[in-house]
Amino acid sequence: MAGGEKSGKRGINTQLAHSGNDPHAYFGWVNPPVVHGSTVLFPDAATMKATQVRDPDAAARSRIQPYTYATYGSPTTDALCEAVNALEGSAGTILVPSGLAAVTVPLLAFLTAGDHVLIVDTVYYPTRRFADTILSRMGVEVEYFAPDLGADIATLFRDETRVLFMEAPGSNTFEMQDVPAMTAAAKAVGIVTMIDNTWATPLFFKPLDHGVDISIHAATKYPGGHSDVLMGMVSANQESWATLYNTQVALGTCGAPDDAYLVLRGLRTMGIRLERHQTTARALARWLEEAAKEPDSIVGDVLYPPLESFPGHEIWKRDFSGAAGLFSFVIKDGTEAQAHAFLDALEIFGLGYSWGGYESLVTHVYLKDRTVPGRDYGGEVVRLQIGLEDEADLKADIERGLAAAKAAG
Ligand SMILES: *Cc1c(COP(=O)(O)O)cnc(C)c1O
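Remember, it's a predicted structure, so these values are computed and weren't measured experimentally.

K.L.:
Can you help me understand the nonpolar core in this one?
P.N.:
In summary, soluble globular proteins display a tendency toward joint burial of nonpolar side chains. Residues L80, W199, L288, F327, F329, F342 and L384 are the most contacted members of the largest nonpolar core, which totals 108 residues. When residues of this core are assigned to their parent elements, the largest contribution, eleven residues, is made by helix α10 (residues 257-292). Looking at which domains feed residues into this core, each of domain 1 (10-267) and domain 2 (270-407) gives three or more.

Shown next as structure tokens:
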């Protein structure tokens, strides 16, 4: 049914242009309709009864009448889910109202009182907040682990360990994790593995191909791509799909049709946008790394997996096929005042959270939430989201920021 898969494997941009798309189901219109609605009508009482959600055989139900009520999906949300399944190689995908919900719903699906969950210490902060508040209150024991543990993650496994939660690279400081090694260790003892794959997108890393059970995305970022939508997507392999789907149905955390439409539209150009984000980010990261070598430069380490100097570079090279346009650098031995001076001097980079849109953004990174002793970054960490603007303009903007930071030192 997906347009991109009629005759064999096609290139990624061809897949992005045509997956989740069945124009002739809608009179030939190129894009699926945005179906607004709660209610779906049935032709008769027998069909209504035969498609009741209490019936355990969902596939049989959907052959009788595919849609029954909007919380269970619509042609718009199905189009996006189908496209994402093709990209992830997943058995099923759910859409939720935000990237954060794409983290919380699968954790709620698989964890119960008395369980133990292992979460990487470099995790996206709101994931930690959810674990430390809601999961703890539910009676789940939360433990954070160092991102570089690799197969030694097994030393932290207990009989009660139910979920291993990864995010590679880590938020803000980009520590890589040996996902295949950790996943193999977890699989050997029946622990469910999840990864927040927002940075790489399924274009640069396909978690399910490496044995991970659940792949999580803030579609708010690159899939949406225009800073105008919030949405989360969770994709599961065959073994995990029923549990994930049943939890979504039980919670009612369904994604909205307008948002699904915007994300599907974003997917069409995600490949070419990511190419541009990556090219400019790599050039600017290298340029900063060179700048760091100059005497009295205030630039310290550049935290970006594609750089050979970055500690997780070899893992990134082995497992990932590309890099997002989000990285950080350190203001060496810097102060908060210097970091603020850098931010305040920028004219193109906006001071704002989130990333993955067309425009460049900057944040001063807060790291005090971390609980596992890790790397000393040697100064204040500043995160750059490299947008689609011209490289020379972004470079000039960063130079302005660095000059201001230096003057504030
Ligand atoms: C932004 C982000 C999220 C959350 O997405 P929202 O749509 O903003 O809730 C989750 N994980 C990572 C890694 C993110 O960067």
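Picking up after the structure, the text goes on.
K.L.:
Honestly, the sheet that holds strand β6 (residues 214-218) in this entry has me stumped. Any pointers?
P.N.:
Across a sheet, strands are paired by hydrogen bonds formed along the backbone, either parallel or antiparallel in direction. Spatially, β1-β7-β6-β5-β4-β2-β3 is the arrangement adopted by the seven strands of the open sheet, whose pairing is mixed. Each edge of the open sheet is held by one strand with a lone partner, namely β1 (92-96) and β3 (141-145). On average, each strand axis in the sheet is inclined to that of its neighbour by 20°, with strand direction left out of account. Together, β1, β4 (161-167), β5 (192-196), β6 and β7 (232-236) form the strand contacts of helix α5 (residues 99-110), whose direction differs from that of β6 by roughly 155°.

K.L.:
In this structure, what is going on with a nonpolar patch on the surface? I would like to understand it.
P.N.:
Together, V53, Y69, Y72 and V249 make up an exposed nonpolar region whose accessible area comes to about 300 Å². Tracing the sequence through the fold places V249 in helix α9 (residues 238-251).

K.L.:
Honestly, the packing of aromatic side chains in this entry has me stumped. Any pointers?
P.N.:
The description of two aromatic rings rests on the distance between their centres and on the angle between their planes. Considering all chains together, one arrives at seven aromatic pairs under this definition. With 5.5 Å between their ring centres and 40° between their planes, W241 and Y245 make a pair best called tilted. Of this pair, W241 and Y245 both sit in helix α9, four residues apart, roughly one helical turn. Positioned above the aromatic ring of Y144, the side-chain terminus of R128 is 4.2 Å from the ring centre.

Calculation criteria
- Residues numbered from 1 in each chain as written.
- Predicted model: local features only at pLDDT ≥ 70, side-chain atom pairs only at ≥ 80, totals over all residues.
- Heavy atoms only, no water.
- Core = buried A, V, L, I, M, F, W, Y, C linked by side-chain atoms within 4.5 Å.
- Buried < 20%, exposed > 50% of the residue type's maximum accessible area, 1.4 Å probe, protein only.
- Helix = DSSP H or I, 4+ residues; strand = E, 2+ residues; numbered from the N terminus.
- Domains from an automatic or database assignment.
- Pairing = 2+ DSSP bridges.
- Axes fitted to C-alpha atoms, helices over the stretch in contact; angles between N-to-C directions.
- Contact = heavy atoms within 4.5 Å.
- Patch = residues over 30% accessible without salt bridge, like charges linked within 9 Å, V, L, I, M, F, W, Y side chains within 5 Å.
- Areas by Shrake-Rupley, 256 points an atom, 1.4 Å probe, with all protein chains shown as cover.
- Salt bridge = Lys/Arg side-chain N within 4 Å of Asp/Glu carboxyl O.
- Phe/Tyr/Trp six-rings, centres within 6.5 Å; stacked < 30°, edge-to-face > 60°.
- Lys NZ or Arg CZ within 6 Å of the ring centre and 35° of its normal.

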